[in-house]
Amino acid sequence: MDEIRIAGGKPLYGTVSVQGSKNAALPMMAASLLHRGVSVLKGCPKIADVFCMEEILRELGAVTWWEDHDLYMDCTYADGTEIPCAFTGKMRSSVILLGALLGRSGMGCLGYPGGCVIGQRPIDLHLYALRKLGAVIEEGPFLISAMCGRLLGNEICFANKSVGATEQGILGAVLAKGETCLKNCAREPEIKWLCRYLRGMGAEIQGDGGDCIYIKGVEELKGGDMQVPADRIVAGTYLCACAATRGKVALTNPPEGELDAFLEVYRKIGGQYKVKSGKLVADGSGVRHALPLLETEVYPGFPTDLQSPLMAVLATIPGESHIREMIFEDRFKAAAELNRMGAGITVTGRDAWIQGGSPLHGCTVYAEELRGGAALILAALAAEGETTVRGYSYICRGYEHICEDLAALGGVIMKDTGTDLYENIHFSEKTADQYQ
């Protein structure tokens, strides 16, 4: 069955490494189509979404292979232009392939993108950017088709900040004729990593990390070769696990400078942390303060992807906390399942009030999307008794080895087959003290 079982109630202690970033790797994989040769992503996470994108590249004619965690993509003959709905319906980020297909082949066709159901996620800004670059796009009931000669540089001003649309504009512009100015761009770290990858391929890009990105189109790109950065959302999830269980955890290779908004909130609820010898060492033993109001925001504000994991933490803190979700209007799906475990969460529109402090207890809960599923795992670690989390396939979309990592920190987790039991690791007081 698609489930895991967790026995909770014990603080987590130990050291864990942070996997490569899902949100950085996927657009880099799309960018690799823009070179007719071999590109490599080092330290690429082996997660369901990456495997899905890899299958799409293969469908287009690419040859891919892995050497440990290094993903090689030979796109010499990746001249396909149609992506079946079977792939795009699984993963929203597949839509960014459209700009890469237009830049490479002058045409592309794909089904409407799917992914987690967390609210309306229109692609109008994606299509707006490509139309501004000269693409002719037809939107059918099931497929989106686009054609162009060579894309032409232009000024593109996004009505709202959108990570995906910004990436779409970048991918379309790097091989376009002339200059492109993207205005009101998203500023998430994944944008900078994509631009850094493309610059390594020979693209001329300036201004990434700010509101305006300037691109001068080039005739061709060379192969990409880059280390995938650490996943800031996975890092934040593990820090939430530390807080929920009142543990002490050290993260190796943390995403430096990308978690500032989260760490500020971590301090507010009573957590402590420090950077020591390249590690982010967190102490959740003092977590006890409710949050009067937290609003999710575009970067550099508090990330919406960590809203659900933080909600699980707040459910363990006495007092009333308040979260306002400003990015997606339907991202409180985990709330009802957390309530089944004993949390006191009331949701009204974009607002959730968490009356925390009552003991959580194990039961059977259902993950409906990626980050909400991770939140249920965190709640299970903090709960009394055993919890069964069903819908584990959602969680595998973004977390490569969450069961193994949490087990290494002392969690007790059994996968659905019943054959892989990660036994609880008992730490002596001396071992725990090193994280103080």
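Residues numbered from 1 in each chain as written. Predicted model: local features only at pLDDT ≥ 70, side-chain atom pairs only at ≥ 80, totals over all residues. Heavy atoms only, no water.

Draft legend 1. Structural detail: the overall build of the chain. For the chain, the helix and strand inventory stands at 15 helices and 25 strands. The C-alpha atoms of the chain give a radius of gyration of 22 Å, which matches the 22 Å a tight globule of 436 residues would have. Reported as C-alpha extents along the three principal axes, the dimensions of the chain are approximately 65 × 45 × 40 Å. Taken over 436 residues, the chain has a buried fraction of 56%. As displayed, the chain has an accessible area near 16800 Å², and 50% of this comes from carbon and sulfur atoms. With 42 positive and 53 negative side-chain charges, the chain shows a spacing of 4 Å between the two charge centroids. (Helix = DSSP H or I, 4+ residues; strand = E, 2+ residues; numbered from the N terminus. Rg over C-alpha atoms; globule rule 2.2 N^0.38 Å. Buried < 20%, exposed > 50% of the residue type's maximum accessible area, 1.4 Å probe, protein only. Areas by Shrake-Rupley, 256 points an atom, 1.4 Å probe, with all protein chains shown as cover. Lys, Arg positive; Asp, Glu negative; His and termini not counted. Charge placed at Lys NZ, Arg CZ, Asp CG, Glu CD.)

Draft legend 2. A look at helix 1 (residues 22–31). Of all the 10 residues making up helix 1, nine are buried; the element is thus mostly covered by neighbouring parts of the structure. The backbone nitrogen of Asn23 has a side-chain oxygen 3.4 Å away, supplied by the residue at the start of helix 1, namely Ser21. (Polar contact = N/O pair within 3.5 Å; in protein donor to acceptor, adjacent residues only side chain to side chain.)

Draft legend 3. Looking closely at the packing of aromatic side chains. Applying the stated rule across the entire model yields five aromatic pairs. Note on Phe51 and Trp66: the rings are 6.0 Å apart at their centroids and 75° apart in plane angle, and the pair reads as edge-to-face. You can see Phe51 sitting in helix 2 (residues 48–59) and its partner Trp66 sitting in strand 4 (residues 63–67), a full 15 residues away along the chain. With relative accessibility at 22%, the residue Trp66 sits in the partly exposed group. (Phe/Tyr/Trp six-rings, centres within 6.5 Å; stacked < 30°, edge-to-face > 60°.)

Draft legend 4. Quick look at the sheet that holds strand 17 (residues 279–283). The strand order across the open sheet formed by four strands is 2-15-17-16, and the pairing between neighbours is mixed. Of all the strands in the sheet, the pair left with one neighbour each is strand 2 (13–17) and strand 16 (272–276). Strand-to-strand, the axes of this sheet are offset by a mean angle of 20°, without reference to chain direction. Against the sheet, helix 9 (residues 260–268) makes contact with strand 16 and strand 17, and its axis sits at roughly 135° relative to strand 16, the strand it touches most. (Pairing = 2+ DSSP bridges. Axes fitted to C-alpha atoms, helices over the stretch in contact; angles between N-to-C directions. Contact = heavy atoms within 4.5 Å.)

Draft legend 5. Molecular detail of the sheet that holds strand 19 (residues 319–324). Judged by pairing direction, the sheet is mixed, and its four strands sit side by side in the order 18-19-21-20 without closing on themselves. Both edges of this open sheet fall to strand 18 (294–295) and strand 20 (344–348), since each of them pairs with a single strand only. With six bridges connecting them, strand 19 and strand 21 (residues 351–356) associate as antiparallel partners. Bridged to Arg324 within strand 21 is Asp351.

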